[in-house]
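What follows is each chain in one-letter form.
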Amino acid sequence: MTVRIDLIGAGYAGTRLARSFEYVAAGREEDVDVRTYSRADTASLADDPARIRLMSEGSDVIVNATNDDQHLNVLNILQHVDGFILSEKPLVAPQDSIPDRWTEAWGSGDRFAMNCIERYSPAVDYVLAQTHRRDLRIARIDFTWAKNRFDDPRPTVGVVSEVVHPLDLCCYLTGASAEDVHLHNAAVINSDYTSFTDDTPESVQIMASMNGVAVTGYSSFAHPDRRCAFDIILVGDDGIREYVELIFDDPGWDHDRLRHWGADGARLRQDTDTAFITGGTAPKTCGKLSLFAEDILWGDHGRRYTTFVEAVDLQRLLASIHRFSGEAFSLRYGRRPRRTTLDRNNLERLG
């Protein structure tokens, strides 16, 4: 059996997804046919619905791996096709509106997933197992989700779109819907960190709550290096607090770390300090993505991916945060030359 993948946008993210699908298909001795379409191809397809249907005929999965600012146009095209849609995050750029007609295409059934990959981390599985088996509740989450994109030549609509990752993970860990999230406050810094404009959202801080869980967080494209971390406070029925620290993709992709300890008065008891490397023999940077690919093709991991309905609710949160960028403080660093080709190919620097 041949697994057919149509990939729109074969840049950094798209290439990793293609490698992941090829890897999992080979593991089942299935052939995979990955067909790529450039941005120019997409533009020409937009005016030719008949060609879109012909392009997708027989396709198992159609992947939107374009830049954030292209998602609205690309998904407008893909609403007309029959295959499973996999889209990079976020659903659309924070300033864009979601067309109502997309709900007719993807609002029911199981034909859409958004790539929020940390749902597939064994460290996240551990936290869920602890809360379910031991009747612990999450009382507090604080996250840092940051990377260094100074002088990065890749187009960006800004850091607000990056917040979708930790917000999605907060919902997944707590069992909340994004509809349950109340955004209490947000603060945005704009700067000239990109290679293109002087006032692009660079850093954001939020304060929110969901189902009684307090959430604070920071996301930035001007951090010295990549850091994706969650600090969680768990509370038992006896009122005893436990603490969990999750660190993702450090020191490299798919290297996740977990530290879990409990405090009883002044006495600190170390429970767990574990490092996970996801993916086994999967290609480098494709461990969690390969689990994602298996889930999309065969449901091997409970179809835990972010659905279209969840993506829409998360998008409303991003739009609310984006509105604070109109009141943002603007910072000037002064530009350096664009990054070198070698630097752009550094997987750890790209984040």
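For the structure, see preceding data.
Residues numbered from 1 in each chain as written. Predicted model: local features only at pLDDT ≥ 70, side-chain atom pairs only at ≥ 80, totals over all residues. Heavy atoms only, no water.

### With respect to unusual backbone geometry
Our working definition: Think of it this way: any DSSP run of H or I at least four residues long counts as a helix, any run of E at least two long counts as a strand, and we number them from the N terminus.
Cis peptide bonds are those with omega within 30 degrees of zero, and the linkage from Lys89 to Pro90 qualifies with -15 degrees. Topologically, Pro90 is positioned in the loop between strand 4 (84-88) and helix 5 (101-106). The linkage connecting Asp250 with the following residue, Pro251, adopts the cis geometry, with an omega of 20 degrees. One non-glycine residue with positive phi stands out, namely Asp135, at about 55 degrees. Inspection of the secondary structure puts Asp135 in the loop between helix 6 (122-133) and strand 6 (137-148). One non-glycine residue, Asp254, lies in the positive phi region at around 70 degrees.

### A short note on the packing of aromatic side chains
Worth spelling out the cut-off: When two rings of Phe, Tyr or Trp (its six-membered ring) have centres within 6.5 Å they constitute a pair, described as stacked for plane angles under 30 degrees, edge-to-face for angles over 60, and tilted for the intermediate range. Each residue gets one of three labels from its accessible area relative to the maximum for its type: buried under 20%, exposed over 50%, partly exposed in between, using a 1.4 Å probe on protein chains only. We count a charge as sitting over a ring when the NZ of a lysine or the CZ of an arginine lies within 6 Å of the ring centre and within 35 degrees of the ring normal.
For the structure shown, the criterion picks out 13 aromatic pairs. Ring centres of Phe112 and Phe308 lie 5.4 Å apart, and the angle between their planes is 75 degrees; on these two criteria the pair is classed as edge-to-face. Taken together, the positions of Phe112 in strand 5 (residues 112-115) and Phe308 in helix 9 (residues 308-322) put the pair 196 residues apart, joining distant regions of the chain. No difference in accessibility class separates Phe112 from Phe308, as the two residues are buried. In this structure an aromatic cluster arises from ring pairing among Trp102, Trp106, Phe112 and Phe308. Just above the ring of Trp253 sits the side chain of Arg16; from NZ or CZ to the centre is 4.4 Å. Note that Arg28 overlies the ring of Trp298, its terminal NZ or CZ placed 3.9 Å from the centroid.

### Quick look at the environment of Asp225
How we decide: Two residues qualify as a contact provided that any one of their heavy atoms is within 4.5 Å of a heavy atom in the partner residue.
For Asp225, the position within the fold is in strand 10 (residues 222-235). The spatial distance from the C-alpha of Asp225 to the C-alpha of Arg149 is 9.0 Å, given a sequence separation of 76 residues. Apart from the residues within four sequence positions on either side, Asp225 is in contact with Ala146, Lys147 and Asn148.

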